[in-house]
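# Observations on chain architecture
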Amino acid sequence: MLIGLFNDWIVVILMMIGLYIVIAHGNLIKKLIGLTIFQTSVFIFYISMAKVDGGTAPILADGITQYSNPLPHVLILTAIVVGIATTALGLSLVVRIKETYNSIEEEEIQQQDNEEQLSMNKAEENA
Amino acid sequence: MIVHLPILQVIIPLMAAPICLMLNRAKLVWLFALLASGLAFSISILLLQQVMTSGVISYELGGWQAPWGIEYRIDKLNAFLLLIISGISTVVLVAAQTSIEKEIPKDKHTYFYVLYLLSLTGMLGIVATGDAFNIFVFLEISSLSAYALIAMGQKRQALWASYQYLIMGTIGATFILIGIGLMYQMTGTLNMQDLSQRLPEVAQTRTVFVSFAFVIVGVCLKLAMFPLHLWLPNAYAYAPSIVTAFFAATATKVAVYLLIRFTFSVFGLSFSFTTIPLQTLFMALGLLGIFVASTTAIYQSNVKHLFAYSSIAQIGYMIVGFSVSTVAGLTATLLHMFNHALMKGAIFLALAAVIYRVGNVELKNFRGLGRQMPLTMAAIVIGGLSLIGVPLTVGFVSKWYLLTALVEQGWWPIAVLILLGSMLAVVYVWRVIEVAYFKEPLDPSIKVKEAPMSFLIPIWTLVIANIYFGIDTRLSVQVAEAAAQSLFGVSP
């Protein structure tokens, strides 16, 4: 049971680690790392799903009758591209957040936003 | 040519996006994007006509046969959604050039149109395709461009809102990916038509339950269904106004479509509503969404925030209609998708015009606007009346259908709650109207002019549509009813 589902265990563990980092950490870069781990766990899930016991790469050759399923691999190629695009976009957002807020900590950013809101409300009251 | 309409629908905006980069002249790019979107709109009209007369269109990409190759499958539901998305996109784009002049730096205008077209491609693709993995890919195309578009907002909060949306959106999309993977594991197919035939054989396995859960939670994140709505208000409030108008009218509709497609077509009615108690859960969350979001809307001082919360509440109505799980209920949901696109499109475009003239949409700056920008404010009033559900507007039509659906089932208490929810809409819409019409301007020396024609034309197109489809309901009701019936009738 434990050995047979080895890949699945890894997938679930990685998935939980990733999701936990996204939720628990306040650092924007760490959140993105968590997100990447989370996505990667799904890649592993698809790829290990496609593996057929004793099967080889799906290339026609003499004497080979059993092949692994190539479709999930192809799907995951696409998903990897999507994942990279997401990470790149996320990181570039973090760069610009750092430029304007001078911080990449969730708490500090939210604090700055709140203070801005408060000072706006005060200015309104004075007016 | 006519055979290839389903793919042209998606590929025209996709190809137009990189061409925009080559044109690289603000006005030219705008006209070109408008042309591409307009073409997509005309194709969607043709597709809808074709589907209504001759039934489902199946298009095999590259000539590969269906369960192996990717299939684009246009039925009444898809065609209806394609019409909403491409129509709103075209109308909104008319005002884009004027609006982004003030909100986005000149050197970024081309990129704006590129991203806009890509986002449109993604949404059209999600709706047109019949392949589950394709949905994920298009979902990410539309979301990635959406994150970038939102980050273009003027204030720095736009960056933070975009980042939060990126995190939530990616988790949602990955959940959908996991769900699709589990389905593939059990059935060996990604074609949704094929899935719907093969899933019942394995329906009673834990894997299918888990895959259903992942897909539903993922879709609900995208849908901004209460309590997964936290990303939406800021993303809508800080995005450039044109982007808000486009997304508020279309993005959540696409997610509602996915919810309907997965529960009704792929997993099937009996599985989604009998094996799993989705009905009670969604009914409760939908109602909670209506009340919590409407109440929050009342306390907002930024009008964009106010209407963003109202959008979450309107999603609640769609969810309630969905959870009735009868033809009448689903018809109400589909109608409300159409109608909500019209009202929110009109309202957010009018807000874009206010931003163009006033600079922001803080409620206090609305003082006196009723006299200074009469046409724009009248549009907000009519849009607001439509949100409340006053007769002769589209809002009334969908609320009416929703109420009849609920009463048909004998669920009086819920019908009463829906009416109470509409009362909350009266309160927040009234707040805007009161300030705009009954308060003197803060500084009478500042003269605010009426919005330019490039705003008024698209705004009033939508406003007139709001009234027209509120009186002549033939088109919207007929299509929505037919789509709902086909989802129940040909239930897989």
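### Comments concerning the overall build of chain A
Broken down by element type, chain A carries four helices and zero strands. In sequence order, the secondary structure elements of chain A are arranged as α-α-α-α. Rg of the C-alpha trace for chain A: 23 Å, well past the compact-globule value of 14 Å for 127 residues, more than 25% over. The principal-axis extent of the C-alpha atoms belonging to chain A is close to 85 × 30 × 20 Å. In chain A, buried positions account for 23% of the 127 residues.

### Points about the overall build of chain B
When its secondary structure is counted, chain B shows 20 helices and two strands. Taken over C-alpha atoms, the radius of gyration comes to 21 Å for chain B, in line with the 23 Å a tight globule of 492 residues would show. Across its three principal axes, chain B shows a C-alpha extent of roughly 75 × 55 × 40 Å. With 492 residues in all, chain B has 62% of them scored as buried. For chain B, restricting intrachain contacts to residue pairs at least 6 apart in sequence, the fraction spanning at least 24 positions comes to 80%.

### Section: the interface of chain B and chain A
With 23 residues of chain B at the contact, the number on the chain A side is 26 residues. Elements with a contribution of two residues or more to the side of chain B that touches chain A: α5 (132-151) and α6 (157-187) of chain B. Broken down by element, the residue count for the side of chain B that touches chain A peaks at 14 residues, all from α6(B). Considered class by class, the residues forming the side of chain B that touches chain A number 14 nonpolar, six polar and three charged.

### Focus on unusual backbone geometry
With omega at 0°, the peptide bond leading from F226(B) into P227(B) counts as cis. You can see P227(B) is positioned in the loop between α8 (206-223) and α9 (232-238). The phi angle at N102(A) is positive, at roughly 60°, despite the residue not being glycine. Residue placement: N102(A) occurs in the loop between α3 (71-101) and α4 (106-126). The phi dihedral of S325(B) is positive, around 50°, even though this residue is not glycine.

### Quick look at the packing of helix α1 (residues 5-23) of chain B against helix α4 (residues 109-128) of chain B
Residues and elements named next belong to chain B. Two numbers describe how α1 lies on α4: the axes approach to 8 Å, and their chain directions differ by 165°. Classified by the angle between their axes, α1 and α4 sit roughly antiparallel to one another. In the packing of α1 onto α4, the handedness of the crossing is left-handed. Mapping the contact onto sequence places P6, Q9, V10, P13, L14, A16, A17, C20 and L21 in α1 and T110, Y113, V114, L117, L118, L120, T121, L124, G125 and A128 in α4. Here the residues of the contact of α1 with α4 sort into 15 nonpolar, four polar and no charged.

### A few points about helix α16 (residues 374-388) of chain B
All names here are of chain B. An ideal rise of 1.5 Å per residue puts 21 Å on 15 residues; α16 measures up with 21 Å between its terminal C-alpha atoms. The buried fraction of α16 amounts to eleven of the 15 residues, a majority that puts the element mostly inside the structure. By the burial criterion, the buried members of α16 are T376, M377, A379, I380, I382, G383, G384, L385, S386, L387 and I388. If you follow the buried residues of α16, they end up packed against α13 (303-324), α14 (327-358), α15 (369-372), α17 (394-408), α18 (412-438) and α19 (453-471). Positive phi shows up at G389, right after α16, with a value of about 105°.

### Let's talk about the nonpolar core
Grouped together as the largest cluster of nonpolar side chains are 227 residues, with contacts concentrated most on F80(B), L117(B), I150(B), L349(B), A352(B) and I459(B). Not counting residues up to four positions away in its chain, the partners in contact with L117(B) are P13(B), A16(B), A17(B), C20(B), A33(B) and A36(B).

### A short note on the environment of A328(B)
All names here are of chain B. In this fold, A328 is placed in helix α14. Taking the C-alpha atoms as reference, A328 lies 9.6 Å from L403; in sequence the two are 75 residues apart. Leave out the neighbours within four places in its chain, and A328 touches Y401, T404, A405 and E408.

### Quick look at the environment of F212(B)
Residue placement: F212(B) occurs in helix α8. In this structure F212(B) touches F267(B) and I276(B), once residues within four positions along its chain are discounted.

### A word on the confidence of the model for chain B
All names here are of chain B. In this model, chain B carries a mean pLDDT of 89, and residues with pLDDT of at least 70 account for 99%. Across chain B, element-level confidence peaks in α5 with a mean pLDDT of 94 and bottoms out in helix α11 (residues 269-275) with 81. Across the predicted assembly, pTM comes out at 0.93 and ipTM at 0.93.

### Comments concerning the packing of helix α3 (residues 76-103) of chain B against helix α10 (residues 241-266) of chain B
Residues and elements named next belong to chain B. Contact geometry of α3 with α10 gives a least axis separation of 7 Å together with a crossing angle of 165°. Between α3 and α10, the angle falls in the class roughly antiparallel. The crossing of α3 and α10 is left-handed. In contact with L77, L81, I84, I85, I88, S89, V92, A95, A96, S99, I100 and E103 of α3, α10 contributes S241, I242, A245, F246, A249, T250, K253, Y257 and I260. Class assignment for the residues of the contact of α3 with α10 results in 15 nonpolar, four polar and two charged.

### Some points on α17(B)
Residues and elements named next belong to chain B. Taking 1.5 Å as the rise per residue, α17 with 15 residues should run 21 Å; its terminal C-alpha atoms sit 21 Å apart, in good agreement. Buried residues of α17: V394, G395, F396, V397, S398, K399, Y401, L402, A405 and L406, and no others. Looking at the packing, one finds that the buried side of α17 touches α13, α14, α16, α18 and α19.

Definitions and limits used
Residues numbered from 1 in each chain as written. Chains lettered and ligands numbered in written order. Predicted model: local features only at pLDDT ≥ 70, side-chain atom pairs only at ≥ 80, totals over all residues. Helix = DSSP H or I, 4+ residues; strand = E, 2+ residues; numbered from the N terminus. Rg over C-alpha atoms; globule rule 2.2 N^0.38 Å. Buried ≥ 20, exposed ≤ 12 C-beta atoms within 10 Å, placed from the backbone. Contact = placed C-beta atoms within 7 Å. Nonpolar A, V, L, I, M, F, W, Y, C, P; charged D, E, K, R; others polar. Axes fitted to C-alpha atoms, helices over the stretch in contact; angles between N-to-C directions. Parallel < 35°, antiparallel > 145°, perpendicular 65-115°, else oblique. Left-handed = near helix turned anticlockwise from the far one by under 90°. Expected span 1.5 Å × (residues − 1). Core = buried A, V, L, I, M, F, W, Y, C linked by C-beta atoms within 7 Å. pLDDT = per-residue confidence, 0-100.

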